[in-house]
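# Geometric and topological summary
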Amino acid sequence: MRKFVIDTDTGSDDAVALMMAVLSPEVEVLGLTTVCGNVPLDKATLNALMTLEVCGREELEVYPGLDRPMCREAVTAVNVHGDDGMGDLDLIHPKKAPASVHAVDYILEQARRYPGELELVMLGPATNVATAILRDREAMAGIKRIWSMGTGGFGPGNTTPVAEFNVYEDAESYRILVESGIPLTVIGFDMCIGEAAWNEGDLERISKSGAVGKFAVDCNRSLLAYNIRRGARAMVDLPDAVAMGVALWPEMTLESRECGCHCCTNDDRCYGQVIFYDPMQELAVYTDDIPEAKVDVILRIDEPLYKRRLEALLGGR
């Protein structure tokens, strides 16, 4: 069975992604690691613990990691997900405490234990993962694949015009990741804003499907309100859940492409921008200066399949 470690900055969309993984019979989730991002580290950890409890998977451990980016001050997305990251509905009261082992130590421990088998699903900033790479490149080189929800894909950013939140939080770490040579699949924000987003009908149906589905919808109430306030349609975009779907179900990917990749860190105006060099794109000026770093970028997904499987998992308990 495939072996997953999930690294998360647990906001409300992360929670749905975690539910998908721990309720799936197709993978073995070894443990969760947390990082600052959507919310500060302590809240991300509590949210992960509560999500496991709702799913009846309290036996899984949560390993807290780094509470700030490598080189900059932390930012959060509490204006989107709520002050607690989970809708501010007083949902978060986990009974279990987090593990005492540091997230970076745990990632390295699992990489050494399962060389060639371990898959790492990265739902937040790359701080924990990049630190593990710097600590022990040889061990991390044995990871089978990293699945990263990050970048705008081939669309715009959601934090600045060119940068997506997870990368913007710690672009130095993301650059270490993309230049590491570890097999990397990137699922950009552009994959979650079409038909993959939950519409009003989806929200009502999932909320009525049981306790897990209700929690999944309730914790995203702040995100729904945020989208409505900014003039978008009443919908909940779940980039982390889409990324988890791609990791869980290979047949969900309809098109992907290996691209050269560069993560910008030097200019504040384009900090966190990830440039993909698409070999199929015809450019007006040919250049040999294409980065050696290569990543697989998801270009198109089977949105109906994703939604059917997601709803089946959430409604199964």
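Everything in this summary refers to the structure shown in the same document. Computed from a prediction, not measured in an experiment: that's the story for all the values here.

So, how was this worked out
Residues numbered from 1 in each chain as written. Predicted model: local features only at pLDDT ≥ 70, side-chain atom pairs only at ≥ 80, totals over all residues. Heavy atoms only, no water. Core = buried A, V, L, I, M, F, W, Y, C linked by side-chain atoms within 4.5 Å. Buried < 20%, exposed > 50% of the residue type's maximum accessible area, 1.4 Å probe, protein only. Helix = DSSP H or I, 4+ residues; strand = E, 2+ residues; numbered from the N terminus. Polar contact = N/O pair within 3.5 Å; in protein donor to acceptor, adjacent residues only side chain to side chain. Contact = heavy atoms within 4.5 Å. Salt bridge = Lys/Arg side-chain N within 4 Å of Asp/Glu carboxyl O.

### Looking at the nonpolar core
- Of all hydrophobic cores here, the largest spans 63 residues; its most connected members are Ile6, Met20, Val29, Trp198, Val242, Met244 and Tyr306.
- Ranked by size, the runner-up nonpolar core spans 40 residues in total, among them Leu118, Leu120, Leu184 and Cys263.

### Considering the environment of Glu179
- Assignment of secondary structure puts Glu179 in the loop between α8 (171-178) and β6 (184-187).
- Along the primary structure Glu179 and Cys263 are separated by 84 residues, whereas in three dimensions their C-alpha atoms are 9.1 Å apart.

### Re the side chain of Asp278
- With respect to the helices and strands, the residue Asp278 is situated in the loop between β8 (274-277) and β9 (294-301).
- Taking relative accessible area as the criterion, Asp278 reaches 15% and is therefore assigned buried.
- Of the polar contacts made by the side chain of Asp278, one reaches the backbone nitrogen of Met280; its length is 2.9 Å.
- In this structure, Asp278 is in contact with Phe154, Arg257 and Cys259, ignoring residues within four places of it in sequence.

### Some remarks on the pattern of salt bridges
- For the coordinates displayed, the defined rule picks out 22 salt bridges.
- Linking Arg2 and Glu119 is a salt bridge whose minimum nitrogen-to-oxygen distance equals 2.7 Å. In this pair, Arg2 is assigned in strand β1 (residues 2-8) and Glu119 in strand β4 (residues 118-122), connecting sequence segments 117 residues apart.
- Under the relative-accessibility criterion, Arg2 is labelled partly exposed at 23%.
- Note on Glu119: relative accessible area 3%, which makes it buried.
- Here Glu255 ties to Arg257 by a salt bridge, and the two come within 3.0 Å at their closest N and O atoms.

Nothing here speaks to function; it is all geometry.
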